[in-house]
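Take a look at the letters that make up each chain.
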There are 2 protein chains.
Amino acid sequence: MYITLPNEKKIDALPGESILAALRKEKVYLVASCGGKGVCGKCKVRITHGEADIRSVITLTEQDIAQGYTLACQAYPKSDLSIEIPKESRLIVGDKIAVGRADDLIKLTEKFGITTLSPLVRRIPLELRHPTLEDNISDLERIKRGLNAEDLESVERLHVRYDLLRLMPDALRKDNWKVTVTIGTGEIPELLAVHPGSEATAYYGVAVDIGTTTVVLYLVDMITGKLIDVGSTYNSQMRFGDDVINRIVHATEQGRMKDLQQAIRSDINALLDPLLERHKLTSDDVDSVVIAGNTTMTQLFYGLNPQYIREEPYIPAANAYPEIHAGQAGIRVNNGAPIFTVPCVASYVGGDVVAGVVASGMARREVFSLFMDIGTNGELVFGNNEMLMTAACSAGPCFEGSGIKCGMRATEGAIEGVEFSPETFIPELKVVGGVDKPLGICGSGMIDAIGDMFLKGIIDQRGKLQPVSPQVRKGEEGMEIVLYRDEQREVEIVLTEPDIENILRAKAAIHAGYSVLLNNIGFTMDMVDTIYIAGGFGNYLDIEKAVLLGMLPDVERSKFVFLGNTSIIGSYLCLLSKDIRVEAQEVASKMTYLELSVSSSFMDEYMSALFLPHTDMSRYPSVEARLNKNIDNS
Amino acid sequence: MYITLPNEKKIDALPGESILAALRKEKVYLVASCGGKGVCGKCKVRITHGEADIRSVITLTEQDIAQGYTLACQAYPKSDLSIEIPKESRLIVGDKIAVGRADDLIKLTEKFGITTLSPLVRRIPLELRHPTLEDNISDLERIKRGLNAEDLESVERLHVRYDLLRLMPDALRKDNWKVTVTIGTGEIPELLAVHPGSEATAYYGVAVDIGTTTVVLYLVDMITGKLIDVGSTYNSQMRFGDDVINRIVHATEQGRMKDLQQAIRSDINALLDPLLERHKLTSDDVDSVVIAGNTTMTQLFYGLNPQYIREEPYIPAANAYPEIHAGQAGIRVNNGAPIFTVPCVASYVGGDVVAGVVASGMARREVFSLFMDIGTNGELVFGNNEMLMTAACSAGPCFEGSGIKCGMRATEGAIEGVEFSPETFIPELKVVGGVDKPLGICGSGMIDAIGDMFLKGIIDQRGKLQPVSPQVRKGEEGMEIVLYRDEQREVEIVLTEPDIENILRAKAAIHAGYSVLLNNIGFTMDMVDTIYIAGGFGNYLDIEKAVLLGMLPDVERSKFVFLGNTSIIGSYLCLLSKDIRVEAQEVASKMTYLELSVSSSFMDEYMSALFLPHTDMSRYPSVEARLNKNIDNS
């Protein structure tokens, strides 16, 4: 029997094999935190054609069932099937897009002067002397003596947790006093693991970017520093709210913090499983972890009540997070693996931004830079090696495809570029992965589409669709424009007026944010040397279109540097180097946070920026020139 | 209704009140780890007269039930009752005997130069500035800023565990940013608790001696250093074996380590409950803990497999134990209270001995001392401020009343002194607490009785009872001597020949131990300046009789110093002072352990010492002289 996927790929399903198992065989991964037991409810798919034996739908809502969803792990094909995979069920392994600038990672380590790795842990093989009646020091002292011989510093102060102490005596004796110990290289050295056998083996680390919408994980070889693989998935906290505010409400007013903590833990574990499987590793092979997330994501990951993040004066529980063992944090790598948390700055400027600033290098430069991270929210940092100012503007998750009718993340099948023919107004599409059957539209695709529609008169200054193109029509939610249609597959990708309004609000918030931030300290845009743009745009963002949209300022184009997902890149750098971890701490403590929500000028700036590109056209001279040129040409 | 206790004390029982509750009202405490829910099975009593409504006996063995035992918490009097309380059910609160030399504790702190307390924690009241939009640092940073103002060192490195971080935001806001924080004063300062309110309150610590047979707990005021109260109980691990070897077998061969760990944890908690109740304290008021125990007790407390302690070459998992929070160790005081474990030396010389050496002060003196701790085992230390040698000899638990027909600990009602009339051979008794109805005989009573019987010819050199006294008779286990008889109460206290043999074996092991230890390094007994004697003898040990027995060497009597329970006293000192904790670590690492079990001379010495006082009478000239004098007199 065959299972046909939305991209028409056909997968062979053996008798007695669930949809989940059949897909996994062909490296199509779904989120399945429970390992396919039918209890986590995350591997939702919709069977559009064919019949399957459904064993359980116990974790689905009535609404899900009414819409035809089923659990892939509980559905066994009885005939050829066609299925739809909702975006939140997808787990992308080997995600080249999520890597962002990962092809530049080696250059990056050079740029940052990381010549020797200084990870959170060291693995040290030891061949210990056997105990005798004459040499009868304790097991722990024997390990310390062995480490002393290896020139490890401060061995006398070596800390060890009791759950490891319980395993240590047997581990020492299993391979006849040959062991490999993992030592945490923090302020006080800590014995983190004792593995039988003293053959030097590879060991690994993971860097995790916990985005509000997307979770990305790097698996890294900790001897070479090389990126081994990448996984990404939607943050399954999305079930409890699209943005941080709704999640805080879920955690506090509904008292369901555990839901959120559990969701992100299991997302990370669900990402780890297939990566380890692909590279024939066990969870014990991974013994260091770096995570970066915004302040709410970080607090939720650690189960810290986020209530006061939401209430004025917006106070986080902590900005610098103590080191913790993976076992305590519920992450399925080596139990004692230390987790370094990239520090946060304030309630709405988190470790993701700090990681981004570190990755950009702006805090090492004398000239002034503006850094903008456009994820589910917009965060802005302005400064140089001496001062750093930061602010946050609630741009919402639309650039990550959330809250947009046909929105999706920048993964294979996403429309990332749109150009309308000036004659026919028919769009030409650029699709991630070069596939010819797009599945939806991602942030850069929306920016492209709206910028181009504005330039070509398909939308007006307020984002309203004009009936100039045959693609424009009336839909369920008002006017909409069809970007792609496949009658055979019954697939349509549209942008609706509410989608466009959503994006205009987001770009207005970002524009207002950096305008107020600069203005507040008496800077103007022409004093900015470089503008770093980070965010979930995949590998592509058309700067010109983003200026047309009025999201980016109308300055010399060479000032723009597009960096991709800097949160994961900064985390990766922290995983490799102690100097970078120290730098992250310094960057975080150096940043001054400006609260925009109480600034009256922010609201004025926001209102003016809701237009395309801006009410004050003098701020967008190049756009004005292009529009005038268009009018002249017509 | 009345409940009559073995000491004829009558306690009023109200209708609907369990025996446990009635006794507790009158400050007669039973071990009831489960709080009287009928599930821990520890509050066993035997009803000898009268009727009670028995609700449950689910946790008793068939044998217990056959012998008439019931659970005090599940038995409700229906008439006047008489009950017997087995020793293992008793929990002694305000145990003046267990205090040992606690009346000298103030002198002790002077002797040790403890002028200022330096406990494991400090409590610091803080009145923090309220956060505002301008002053929006995180909750944790706000606490750090408050501590900086209090001149606490290394605040920037302040560690905090996540379970506290989760409670901190609400605790800060509960009393309007007035809090009292508990700071651990270890190598890296740690935030251990945040209590709402900034009124300085008292705080407490506990020192625990985990003996193989007895558990003793001191409750200490950590502002004044004053001992507030004392509790003691039998170590309920006794159910799983009398000595460490049997417990190791239970833990390893039977795979039941959890039983042992759970037993000692619940003993400590059972001791804490009534002490806190008596002084109107909550578990949160106690925020530091010191424990001392022999190596096996320490490993079992922490759940560390003791298998290799028993197997040659006898290797403990660790000697120096990392600090741990009480919550993690299952002790019901403040969750974050640090536990300092007095370090061990080797598999058979533990933290109890190290605490004892510290308490004796021998490691600070230039002259040479011999320290002997006679508990469930005998441990010996010889040395001075430059060298310390140590050895262990398996004396067995007889001096603590275990394995002796009418044996008991040195608590109220124990016979602690016996002197036979030279004419009638009728014994005159000295009873702990001065009560006139003894309940059993403790270690010092046995030493007294046997020494005196030997002197007066009631036993011969091999410990065999002679038919010279009307008190000597044939019993179930061979010959025995009746020390006390109360026909009305149907109580008899006897010493049997197997009891006497038991004690001879124990004293022989001790004698052989110190003889070999001294000999091994070329010392003789006359080179010893002071002989410190520690152990569970209560407040009384007749040195003269212990010499007659051949347990102590026949040297100038002024050389003997009787110290009582030095394990708890040393722990108490560690609780008060960082210098003492450091001293304990130095003492432990300075001690050289001599393994007696592989010494051929040990077995020879042991065999010679099985006689009264010793085969080689030249070692006991004063005893020989007394015996000769007796013969001359007769």
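That block above? That's the structure.
Predicted model, so just to flag it, every value in this text is computed and none were measured. (Residues numbered from 1 in each chain as written. Chains lettered and ligands numbered in written order. Predicted model: local features only at pLDDT ≥ 70, side-chain atom pairs only at ≥ 80, totals over all residues. Heavy atoms only, no water.)

Student: What should I look at first to understand the sheet that holds strand β26 (residues 472-475) of chain B in this one?
Tutor: Whenever strands of a sheet pair, they do so through backbone hydrogen bonds, lying parallel or antiparallel. Residue and element names in this part refer to chain B. Judged by pairing direction, the sheet is antiparallel, and its 3 strands sit side by side in the order β26-β27-β28 without closing on themselves. At either end of the open sheet lies a strand with only one pairing partner, and these are β26 and β28 (491-496). Averaged over all adjacent pairs, the angle separating strand axes in this sheet is 50°, with direction ignored. The strands that helix α13 (residues 497-520) touches are β27 (478-486) and β28; relative to β28, the one it contacts most, it runs at about 50°. (Pairing = 2+ DSSP bridges. Helix = DSSP H or I, 4+ residues; strand = E, 2+ residues; numbered from the N terminus. Axes fitted to C-alpha atoms, helices over the stretch in contact; angles between N-to-C directions. Contact = heavy atoms within 4.5 Å.)

Student: How should I be thinking about the pattern of salt bridges in this particular structure?
Tutor: Opposite charge on two side chains makes pairing possible when the charged atoms of those side chains draw close. Residues and elements named next belong to chain A. For the structure on display, the rule yields 69 salt bridges over all chains. In this structure, Asp448 and Lys545 form a salt bridge, with 3.8 Å as the shortest nitrogen-oxygen distance. With a gap of 97 residues between them, Asp448 in helix α12 (residues 443-455) and Lys545 in helix α14 (residues 543-548) connect regions that are remote in the sequence. One salt bridge connects Arg619 with Glu605, and the closest N-O pair in it is separated by 3.0 Å. Linking Arg619 in the loop between α17 (600-608) and α18 (621-633) with Glu605 in helix α17, this pair joins segments that are 14 residues apart in sequence. For Arg619, a relative accessible area of 31% gives the class partly exposed. Beyond isolated ion pairs, a larger network of salt bridges with shared partners links Glu419, Asp448, Asp452, Lys456, Asp542 and Lys545. (Salt bridge = Lys/Arg side-chain N within 4 Å of Asp/Glu carboxyl O. Buried < 20%, exposed > 50% of the residue type's maximum accessible area, 1.4 Å probe, protein only.)

Student: Quick question: what am I supposed to make of the packing of aromatic side chains here?
Tutor: Where two aromatic rings form a pair, the distance of their centres and the angle of their planes describe that pair. Counted according to the given criterion, the structure contains 18 aromatic pairs over all chains. With a centroid separation of 4.8 Å and an interplanar angle of 55°, the aromatic rings of Phe368(A) and Phe523(A) are classed as tilted. A residue pair is termed long-range when its members are at least 10 positions apart, and Phe368(A) in the loop between α11 (351-360) and β20 (369-374) and Phe523(A) in the loop between α13 (497-520) and β29 (530-535) qualify at 155 residues. Of the residues examined, Phe368(A) reaches a relative accessible area of 22% and is grouped as partly exposed. Residues Phe368(B) and Phe382(B) carry aromatic rings whose centres are separated by 5.5 Å and whose planes lie at 15° to one another, so their mutual orientation is stacked. Of this pair, Phe368(B) sits in the loop between α11 (351-360) and β20 (369-374) while Phe382(B) sits in strand β21 (residues 378-383); the two residues are 14 residues apart in sequence, bridging distant segments of the chain. Here a set of aromatic residues connected by ring pairs shows up, and it is made of Tyr162(A), Phe301(B), Tyr302(B) and Tyr321(B). For Arg142(A), the ring lying beneath its charged end belongs to Trp177(A), and the centroid distance is 5.7 Å. We note Arg173(B) situated over the ring of Tyr308(A); from NZ or CZ to the ring centre the distance is 3.6 Å. (Phe/Tyr/Trp six-rings, centres within 6.5 Å; stacked < 30°, edge-to-face > 60°. Lys NZ or Arg CZ within 6 Å of the ring centre and 35° of its normal.)

Student: It is not clear to me how the relation of the copies chain A and chain B should be interpreted in this structure. Could you clarify?
Tutor: For these two chain copies, the linking operation is a rotation about an axis paired with a shift along it. Of the transformation superimposing chain A on chain B, the axial component is 0.0 Å and the angular component is 180°, with the fit at an RMSD of 0.1 Å. Overall, the copies show the geometry of a two-fold rotation axis. Proximity to the rotation axis, assessed at the C-alpha, singles out Ile188(A) in chain A; its C-alpha lies 4.2 Å from the axis. Looking at chain A, 98% of its interface residues are interface residues in chain B too, so the copies touch through the same face. (Least-squares fit on C-alpha atoms with pLDDT ≥ 70 in both.)

Student: Would you mind showing me how to read α11(B) here?
Tutor: For an α-helix, the turn length of 3.6 residues means that residues three or four places apart are oriented alike. Residues and elements named next belong to chain B. Burial of α11 is extensive: 10 of the 10 residues sit out of reach of the surface. Considered for burial, the residues of α11 that qualify are Gly351, Asp352, Val353, Val354, Ala355, Gly356, Val357, Val358, Ala359 and Ser360. The positive-phi residue at the C-terminal boundary of α11 is Gly361, with phi of around 80°.

Student: In this structure, what is going on with the sheet that holds strand β17 (residues 286-293) of chain A? I would like to understand it.
Tutor: All names here are of chain A. The 8 strands lie next to each other as β3-β9-β16-β15-β14-β17-β19-β18, forming an open sheet whose pairing is mixed. One side of each edge strand has no neighbouring strand; the edge strands of this open sheet are β3 (29-30) and β18 (324-325). Sheet topology note: the β18/strand β19 (residues 338-341) ladder contains 2 bridges and is antiparallel. Residue His325 lies in a different strand from β19, and its bridge partner there is Pro338.

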